[in-house]
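# Descriptive analysis of the structure
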Amino acid sequence: MTEPARQTARELLGTGTLEPLDADVIAVKIGDRIVDLHTPISAEPSELSVIRRDSPEALEVIRHSTAHVMADAVQRLFPGTQVTIGPAIQSGFYYDFDRPDGPFTDKDLQRIEKEMRRIMNAKRPFVREVVSREAAIELFRSMGETYKVELIEGFAADAEISLYRHASPGRQEGSWFDLCSGPHVPSTADLGVVKLTSVAGAYWRGDETRPMLQRIYGTAFRTQEELDRYLEQQEEAKRRDHRKLGKELELFWFHEYAPAMPFFLPRGASVYRRLVDYIRSLYVRYGYEEVITPQIFDKRLFETSGHLQNYRENMYLPVTAETLDEIAQQEPSCSHPALENLSQKPMNCPSHCLIFGQRRRSYRELPWRIADFGRLHRYERGGSLHGLARVRSFCQDDAHIFCTPEQIHEEMRSFNELLFEVYRAFEFKDVRVKLALRPEKRLGTEAMWDAAEQALEAVLKESGTPYELLPGEGAFYGPKLEFHVTDALGRDWQLGTVQVDYALPERFGLEYVDAQGQANRPVMLHRAILGSVERFLGVYIEHCSGKFPMWLAPEQISLLTVSERQAPFAAELAQKLRDAGVRVLVDDSSDKLGAKIRNGRNLRLPYLAVIGDQEVEQQSVALRSGEGDLGSVSVADLIERLVAEGRPPVAGAPSASGAAAGARS
């Protein structure tokens, strides 16, 4: 069959079954790929679908084009600034700049925004131009755009190199252009409303040994109403920021002596411990056994597992990866002490392979599910660190399942049941699944990858679970399912994962003996539900706005005395509550009652109990919650209520406290 001639979507519009071109059409879609109207494609009209300005996919194109307009405005206002990379992202767009005069200020952002609107109002077309590699290098080198030259020199020899231009009003030399593969809207008239939101530092290509650039973030929407709604959500996100709440609620803390390694304060450690205890309680029912493994290993373990070859830049080694390279180059035949030292483990899977292989195992032992809450260390680069969301010391609710190929399906079914039970407990109701396929850098044979990917996809298809394919985003040892949740602000977070791994059992020579007495290779399933406990806690703090449900809260109730006369009764009641397993605070300070109530609310406690002379006389409390005043409650009823609501969730339904937390948040 002859491949269709390459034509732009603009030329194809109006032919065959495709809708005719009109002012609202900004791009087309071929399968999962968005293509603008400028780019030649080999496709039949029937393969295309139209993207209009009000289509959900349109925002990505609008934002990418708006980023170009921002870069144009920056170079107009701040001559000598180099542009680097500027993609559209989920919340908007950014561009990284090398500005010799120093960082951009809030006042600069206002000027840039104003200039952007002027460019957009000129309603000039975007134009695509293909150039040769040599011409592109010469062009950007003559402009002093050294970052662009570096990018082009890194392209494959046969790569098509395209520029996108748009006219810049008042610019003597004409249109502004940048190296780009698209897609872009037809004209600056197709852009909507814009807001520049912040400036941050970012290393060139994420490498902290490279120059520090200035990253300007912005967003764009089709209408002012959409932008206003987004900005309101962003303000709420700032109020819920786990870094801010972590400080206000005294949950966790960082210090420069342990960069990106959190200290959990008593209140935070209480929540952290209960997260782990809850997962542990489920392990009993789902048949997991817990192990404890070392944190430091000889580097030979990670050579066997492939981590040293494929994950070295993220490992904590006795010396930096760069130093290792220098040593290897200078003394290739020498046994340098730095090369013989130990490494802190970034993952539990290699040590679990050692445990499996410690003795001969029978098929009767499979599936064998082992869990490990051991501390892990990864050298995350400085530019990627963000509160609890990306740290260098952390713990995972990590487990590995060794099974036969025939057992994969049932183990996946059991894992899904466990995962969704946990997510219901935390009020995550919208869970989406993505299947990440083999990356370019990987272990194992193609046959192993075929079997692993087919196993995961078969489970999804049989269960009728909708899923999205992510080509090239699997782990280096196996494909994986990613479980993405939506939080209370509508933001997407990837939490749980499960991976099918044929490679590590092969590399470690793991075997089990089948019913016929033959040695066979097991399959290894890597799985986590919370993922990193630290990251999950950061996500959950923002999801519930720091208002933890009763079963998870550091303290479940605070007893507030009206005066010092009630202090003995408050102390006696606090002891009764503690004896019943309730976590309680007593505020019998000299502060006025209003201040005590405010302090309790600031800590986001589930309940406050006011105690005055009348309550002492009646052996009761005046109970308050996030929903308001609950009236007088006897001591006996109070204890019964708090104990019942403080129980962790059970299978099949969230606890009463979980429902209450959802209402409060």
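Reference entry: report on the structure contained in this document. This one's a predicted model, so the numbers in the text were calculated from it and none came from an experiment.

## As for the overall build of the protein chain
When helices and strands are tallied, the protein chain shows 22 helices and 33 strands. Burial statistics for the protein chain: of 665 residues in total, 52% are counted as buried. For the protein chain, restricting intrachain contacts to residue pairs at least 6 apart in sequence, the fraction spanning at least 24 positions comes to 71%. Surface accessibility of the protein chain: about 30,700 Å² in total, with carbon and sulfur atoms responsible for 49%.

## Focus: the pairing of strand β19 (residues 368-372)
Within β19, five of the five residues are buried, leaving the element largely enclosed by the surrounding structure. The side-chain alternation of β19 yields two buried faces, one formed by W368, I370 and D372 and the other by R369 and A371. Bridge analysis of strand β16 (residues 289-290) against β19 gives two bridges, and the strand direction is parallel. Pairing of E290 across the sheet is with A371, part of β19. Where β19 meets strand β21 (residues 393-403), five bridges bridge the pair, whose relative direction is antiparallel. Of the residues in β21, the one forming a bridge with I370 is H400.

## Regarding the environment of I85
With respect to the helices, strands and loops of the structure, I85 is situated in the loop between β6 (82-83) and β7 (88-89). Considered as a pair, I85 and L179 are 94 residues apart in the sequence and their alpha carbons are 9.1 Å apart. Not counting residues within four places of it along the chain, the set of residues in contact with I85 comprises Y94, Y95, D96, L151 and W204.

## Some details on helix α4 (residues 133-142)
All of the buried residues in α4 are A136, I137 and F140. An end-on view of α4 places all buried positions within 95° of arc, on one side of the element. Exposed positions of α4 whose direction lies more than 90 degrees from the buried face are E134 and S142. In this structure, the buried side of α4 is in contact with β9 (126-131), α5 (146-153), β10 (161-167) and β11 (175-179). G144 occupies a position one or two residues after α4 and carries a positive phi of about 75°.

## Looking at the sheet that holds strand β5 (residues 48-52)
A sheet is described by the order of its strands in space; here three strands give the open sequence β3-β2-β5, paired in antiparallel fashion. At either end of the open sheet lies a strand with only one pairing partner, and these are β3 (33-36) and β5. Strand after strand, the sheet turns through a mean of 35° between neighbouring axes, direction not considered. The sheet contact formed by strand β2 (residues 25-30) and β5 spans five bridges and is antiparallel. Its bridge partner being in β5, V28 is matched across the sheet by V50. Across the sheet, helix α2 (residues 58-77) touches β2, β3 and β5, and the angle it forms with β2 is around 120°.

## Some thoughts on the side chain of Q214
Here Q214 is to be found in strand β13 (residues 212-221). We classify Q214 as buried; its relative accessible area is 15%. Those residues in contact with Q214 that lie beyond four places of it in its chain are Y95, D96, F97, P103, F104, V199 and A200.

## Considering unusual backbone geometry
A cis amide bond, omega 0°, links G182 with the succeeding residue P183. Counting through the fold element by element, P183 comes out in the loop between β11 and β12 (193-203). In this chain, L366 is followed by P367 through a cis amide linkage whose omega measures 0°. Locating P367 in the fold gives a position in the loop between α13 (349-356) and β19. Here E250, not a glycine, exhibits a phi torsion of approximately 55°, which is positive. On the secondary structure map, E250 appears in the loop between α7 (242-248) and β14 (252-253).

## A few points about the environment of L249
Residue placement: L249 occurs in the loop between α7 and β14. Residues L249 and G546 lie 297 residues apart in sequence; the distance between their C-alpha atoms is 7.9 Å. The contacts of L249, once residues within four sequence positions are left out, are R267, G546, N602, L603 and R604.

## Section: the sheet that holds β10
Read across the open sheet, the three strands follow the order β9-β10-β11; overall the sheet is antiparallel. Each edge of the open sheet carries a strand with a single partner, namely β9 and β11. Looking at each pair of strands side by side, their axes are set apart by 25° on average, direction ignored. Here five bridges tie β10 to β11, and the two strands are oriented antiparallel to one another. Among the inter-strand pairings, R165 is bridged to a residue of β11, identified as F177.

## With respect to the packing of α2 against helix α3 (residues 106-121)
The contact between α2 and α3 brings their axes to 9 Å, and the two run at 115°. Classified by chirality, the crossing of α3 by α2 is right-handed. Contact residues: T66, V69, M70, D72, A73, V74, R76 and L77 in α2; R111, I112, E115, M116, R118, I119 and M120 in α3. For the contact of α2 with α3, the per-class residue count stands at nine nonpolar, one polar and five charged.

## What to know about the packing of aromatic side chains
In total, this model carries 30 aromatic pairs according to the counting rule given. Look at F356 and W368: their rings are 6.2 Å apart centre to centre, the planes differ by 45°, and that puts the pair in the tilted class. Of this pair, F356 sits in helix α13 while W368 sits in strand β19, and the two are 12 residues apart along the sequence. Under the relative-accessibility criterion, W368 is labelled buried at 14%. With a centroid separation of 6.0 Å and an interplanar angle of 10°, the aromatic rings of F536 and Y540 are classed as stacked. Within this pair, F536 and its partner Y540 are both found in helix α17 (residues 533-543), separated by four residues, close to a single helical turn.

## With respect to the nonpolar core
Across soluble globular proteins, nonpolar side chains show a tendency to be buried alongside one another. By size, the foremost hydrophobic cluster in this structure holds 64 residues, and its most contacted members are V422, Y423, F426, F428, L481, F483 and F548. Here this core gets nine residues from one element, more than from any other, and that element is helix α8 (residues 266-286).

## Regarding the pairing of β10
Residues in a regular strand project their side chains so that they alternate between the two faces of the sheet. Across the seven residues that make up β10, a large majority, five, are buried. Direction of pairing for β9 relative to β10: antiparallel, over a ladder of six bridges. Pairing of R128 across the sheet is with Y164, part of β10.

## Concerning the side chain of R369
For R369, the location among the structural elements is in strand β19. Polar contacts involving the side chain of R369 include one to the main-chain carbonyl oxygen of G287, which spans 3.3 Å. Beyond its immediate chain neighbours, meaning those up to four positions away, R369 contacts Y286, G287, Y288, E289, H400, I401 and E411.

## As for helix α19 (residues 593-602)
Among all positions in α19, only A595, K596, I597 and G600 are buried. In the segment just after α19, R604 is the residue with positive phi, at about 55°.

## Looking at the pattern of salt bridges
A full pass over the atoms with the stated rule returns 48 salt bridges. Between E113 and K195 there is a salt bridge, with its nearest N and O atoms 3.9 Å apart. One end of the pair, E113, is in helix α3; the other, K195, is in strand β12, with 82 residues separating them in the sequence. When its relative accessible area of 8% is taken as the criterion, E113 is described as buried. According to the relative accessible area criterion, K195 is partly exposed, its value standing at 31%.

Calculation criteria
- Residues numbered from 1 in each chain as written.
- Predicted model: local features only at pLDDT ≥ 70, side-chain atom pairs only at ≥ 80, totals over all residues.
- Heavy atoms only, no water.
- Helix = DSSP H or I, 4+ residues; strand = E, 2+ residues; numbered from the N terminus.
- Buried < 20%, exposed > 50% of the residue type's maximum accessible area, 1.4 Å probe, protein only.
- Contact = heavy atoms within 4.5 Å.
- Areas by Shrake-Rupley, 256 points an atom, 1.4 Å probe, with all protein chains shown as cover.
- Pairing = 2+ DSSP bridges.
- Arc of directions from axis to C-beta.
- Axes fitted to C-alpha atoms, helices over the stretch in contact; angles between N-to-C directions.
- Left-handed = near helix turned anticlockwise from the far one by under 90°.
- Nonpolar A, V, L, I, M, F, W, Y, C, P; charged D, E, K, R; others polar.
- Phe/Tyr/Trp six-rings, centres within 6.5 Å; stacked < 30°, edge-to-face > 60°.
- Core = buried A, V, L, I, M, F, W, Y, C linked by side-chain atoms within 4.5 Å.
- Polar contact = N/O pair within 3.5 Å; in protein donor to acceptor, adjacent residues only side chain to side chain.
- Salt bridge = Lys/Arg side-chain N within 4 Å of Asp/Glu carboxyl O.

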